[in-house]
Amino acid sequence: MASVLKAQKENASNADAKRKGKRKADDMDVDHDLEVAAPKKKKNKQRVLLLSSRGITHRMRHLMNDLETLLPHVKKDSKLDSKSQLHLLPELADLNNCNNTLYFEARRHEDLYLWAAKTPNGPSIKMHVRNVHTMDELKMTGNCLKGSRGLLSFDKGFDDTEWGRLTKELFTQIFGVPSTARKAKPFIDHILTFSILDSKIWFRNFQIIEKDPLQPNGPPQTTLVEIGPRFVLTPIRIFEGAFGGATVFSNPEFISPTAVRSALRRERGDKYARRKNAEEETQRRKELRKRSEDELAVHKVFA
């Protein structure tokens, strides 16, 4: 019994000591102006929706698979049935919890267009894709870890024009893999390069090698080896909204591939017409040079 009373007294004394400590802390004057809230680190939450239209070829499909492999923060969706209902793409991106969209639009089974857009408010860029070479086709010696994050390198020509700066910012948010991506790995072993030449954007992917494979024990020498894929983008038009809206930039030098093919057919048709006209002129000259029969001429009669 005595031990129980002694234990209760000790507990009561400990509780009083805690209350006194709390009162002392409450009585202290705390200068709230000196408290500086730690700035919250902004999280890079970028997710890209990747999809295509109906009618893509095997080369276009392989290019999409290569981009999906390079960008671990990409969410691939099924094909879009209608090419005239692009206003549905922001809703699809919202349903897939994505704030960027890469849409490949195929025309006539031979022309490929790429839409790069920020959803749901824009802007968006429509580009013509040419000179497509996939990773399986190139057979390059470069290689990188699947799911690794890549560096982005932009040509200084992007800073010379307004449309170049806008395109650079949009590509940075689309092709830049955030560190918090679910499928991303904490390695940086390749670099994506965007260069401007002849008003076109040239895309290349290189592996970063810090040691020469021929001299593994030698000094570190950083070199680049191309991996693939590679393609060329021709900007056509930049819109203020997502897949529509007011036109911010229009490329006056762009000629659609349909117009180019029409001009070639017209040229071949003109060549055929010139050849037929030449044949008719030759036949007319032959008729003019033909001599008429002489009525006084003596005809030989053969027995």
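Predicted, not measured: the structure shown is a model, and the values here were computed from it. (Residues numbered from 1 in each chain as written. Predicted model: local features only at pLDDT ≥ 70, side-chain atom pairs only at ≥ 80, totals over all residues. Heavy atoms only, no water.)

**Focus: a positive patch on the surface**
Reasoning step 1: Together, Arg 47, Lys 75, Lys 146, Arg 182, Lys 183 and Lys 185 line one region of the surface with positive charge.
Reasoning step 2: Structurally, Arg 182 is set in the loop between α5 (162–175) and β7 (185–197). (Patch = residues over 30% accessible without salt bridge, like charges linked within 9 Å, V, L, I, M, F, W, Y side chains within 5 Å. Areas by Shrake-Rupley, 256 points an atom, 1.4 Å probe, with all protein chains shown as cover. Salt bridge = Lys/Arg side-chain N within 4 Å of Asp/Glu carboxyl O. Lys, Arg positive; Asp, Glu negative; His and termini not counted. Charge placed at Lys NZ, Arg CZ, Asp CG, Glu CD. Helix = DSSP H or I, 4+ residues; strand = E, 2+ residues; numbered from the N terminus.)

**Topic: the nonpolar core**
Reasoning step 1: By size, the foremost hydrophobic cluster in this structure holds 38 residues, and its most contacted members are Phe 104, Val 129, Phe 171, Phe 175, Phe 194, Phe 231 and Leu 233.
Reasoning step 2: Among residues more than four places away in sequence, those in contact with Phe 171 are Ala 116, Met 127, Leu 152, Phe 154, Gly 176, Phe 194, Ile 201 and Leu 233.
Reasoning step 3: Counting 13 residues, the second largest nonpolar core, distinct from the first, contains Leu 49, Leu 86, Cys 98 and Phe 239. (Core = buried A, V, L, I, M, F, W, Y, C linked by side-chain atoms within 4.5 Å. Buried < 20%, exposed > 50% of the residue type's maximum accessible area, 1.4 Å probe, protein only. Contact = heavy atoms within 4.5 Å.)

**Structural notes on unusual backbone geometry**
Reasoning step 1: Here Thr 119 and Pro 120 are connected by a cis peptide whose omega angle stands at 5 degrees.
Reasoning step 2: With respect to the secondary-structure elements, Pro 120 resides in the loop between β4 (111–118) and β5 (124–133).
Reasoning step 3: A positive phi angle, near 60 degrees, is found at Asn 97, a position not held by glycine.
Reasoning step 4: Of note, Asn 97 is situated in the loop between α3 (89–95) and β3 (100–107).
Reasoning step 5: Residue classification places Asn 97 among the exposed residues on the basis of a relative accessible area of 57%.

**Considerations on the pattern of salt bridges**
Reasoning step 1: Counting across every chain of the model gives 12 salt bridges.
Reasoning step 2: Note that Glu 226 is salt-bridged to Arg 230, the shortest N-O span being 2.7 Å.
Reasoning step 3: Residue Arg 230 is classed as partly exposed on the basis of its relative accessible area, which comes to 21%.
Reasoning step 4: Here the salt bridges share partners, and the residues they tie into one network are Glu 110, Asp 111 and Arg 261.

**Quick look at the packing of aromatic side chains**
The relative placement of two aromatic rings is captured by the distance of their centres and the angle of their planes.
Reasoning step 1: Scanning all chains against the criterion turns up 11 aromatic pairs.
Reasoning step 2: Ring plane angle 10 degrees and centroid distance 5.1 Å describe the contact between Phe 154 and Phe 194, whose orientation is recorded as stacked. Highlighted residues: Phe 154 in strand β6 (residues 148–154) and Phe 194 in strand β7, separated in sequence by 40 residues.
Reasoning step 3: Counting every residue linked through ring pairs, the aromatic cluster contains Phe 154, Phe 158, Phe 171, Phe 175, Phe 194, Phe 203 and Phe 231.
Reasoning step 4: Above the ring of Tyr 113, the side-chain terminus of Lys 126 is found at 5.1 Å from the ring centroid. (Phe/Tyr/Trp six-rings, centres within 6.5 Å; stacked < 30°, edge-to-face > 60°. Lys NZ or Arg CZ within 6 Å of the ring centre and 35° of its normal.)

**Details of the environment of Arg 130**
Reasoning step 1: One can find Arg 130 in strand β5.
Reasoning step 2: Separated by 102 residues in sequence, Arg 130 and Val 232 have C-alpha atoms that sit 5.2 Å apart.
Reasoning step 3: Other than its neighbours up to four places away in sequence, Arg 130 contacts Lys 200, Phe 231, Val 232 and Thr 234.

**Describing the environment of Ser 179**
Reasoning step 1: Take Ser 179: it is sitting in the loop between α5 and β7.
Reasoning step 2: Ser 179 sits 134 residues away from Lys 45 along the chain, and the two C-alpha atoms are 9.0 Å apart.

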